[in-house]
Amino acid sequence: MTNYLVVTAMGADRPGLVSRLARLASECDCDIVDSRMALFGNEFTLIMMISGSWTAITKIESLLPALSVELELMTVMKRTSKHTPKNFVSRIEVIFNGEDQRGTMKSITQFLAERGLDLAAVRSHADDNDSLKTQSILLAINIPEKVDLLKLEQGIHELAESMSLECSIKRMQGIAAP
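What counts and what doesn't
- Residues numbered from 1 in each chain as written.
- Predicted model: local features only at pLDDT ≥ 70, side-chain atom pairs only at ≥ 80, totals over all residues.
- Heavy atoms only, no water.
- UniProt positions renumbered as here; feature names shortened; annotations may be inferred.
- Helix = DSSP H or I, 4+ residues; strand = E, 2+ residues; numbered from the N terminus.
- Pairing = 2+ DSSP bridges.
- Phe/Tyr/Trp six-rings, centres within 6.5 Å; stacked < 30°, edge-to-face > 60°.
- Lys NZ or Arg CZ within 6 Å of the ring centre and 35° of its normal.
- Buried < 20%, exposed > 50% of the residue type's maximum accessible area, 1.4 Å probe, protein only.
- Contact = heavy atoms within 4.5 Å.

In the nomenclature of an unreviewed UniProt entry, the chain is known as Glycine cleavage system transcriptional repressor of Shewanella vesiculosa. Regarding the chain, the relevant UniProt record gives this comment under Subcellular location (unreviewed entry): "Cytoplasm".

Okay, structure coming up:
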């Protein structure tokens, strides 16, 4: 039976961190099933899901803390199970752009949560351009069958307008444009 472990790591960015973590997974007879890495300021961040036998996962759980100390990384581990995708009929990609404002992400995510929508991915970025602070937010949203897509798209555009943001919506899979 395959076991799964999610590992998060964060610390000062420097060359070789991903290589050392990947080597540990390999030495423990584990596979890296999925991973994401990003830099936030000068901080290296990594999230990865590892799979392996119960023995292999236990081995990496016991060896990772020492490697974390050596690499000066803060790490968190949690056992999990294989992801079982829900049955969504489609997905849309929504991009908001405009002047950076406090509370934008709160308003957008609250709008989606109130409608019971599932976020598949979120990426946001704020930038300082010659005294104008701008933001860009990209969302991938899974759409269940019961949702009226045209009404949802209209609501998203109204939300963007109320926050003085530009908004574009792209239908990704499972649906054709009207």
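Back to the text.
Asks: Hey, could you run me through unusual backbone geometry in this one?
Replies: A negative phi angle is the norm for most residues apart from glycine, just as the trans form is the norm for most peptide bonds. If you check the backbone angles, Asp29 has positive phi at about 60° while not being a glycine. Unusually for a residue other than glycine, Glu72 sits at a positive phi of about 55°. Mapped onto the elements, Glu72 comes out in the loop between α2 (54-71) and β4 (74-80).

Asks: Explanation requested: the pairing of strand β6 (residues 118-129) in the structure shown.
Replies: The two faces of a sheet get side chains in turn, since along a regular strand they alternate between them. Two elements, β6 and strand β7 (residues 132-143), share 11 bridges in a ladder whose sense is antiparallel. Paired with Ala126 across the bridge in β7 is Gln135. Here β6 folds back onto β7, and the loop between the two strands holds 2 residues, one of which, Asp130, carries a positive phi near 45°.

Asks: When you look at the packing of aromatic side chains in this model, what are you seeing that I'm missing?
Replies: In this description, an aromatic ring pair is defined by two values, namely the gap between the centres and the angle between the planes. The final tally for this structure, using the stated rule, is 0 aromatic pairs. Here Arg115 stacks its cationic end above the ring of Phe111, 3.6 Å away from the centre of that ring.

Asks: Sorry, what's going on with the side chain of Glu153 here?
Replies: With respect to the secondary-structure elements, Glu153 resides in helix α4 (residues 149-162). Looking at Glu153, the relative accessible area reads 13%, which means it is buried. Ignoring anything within four residues of it in the chain, the contact list for Glu153 reads Ile169 and Arg171.

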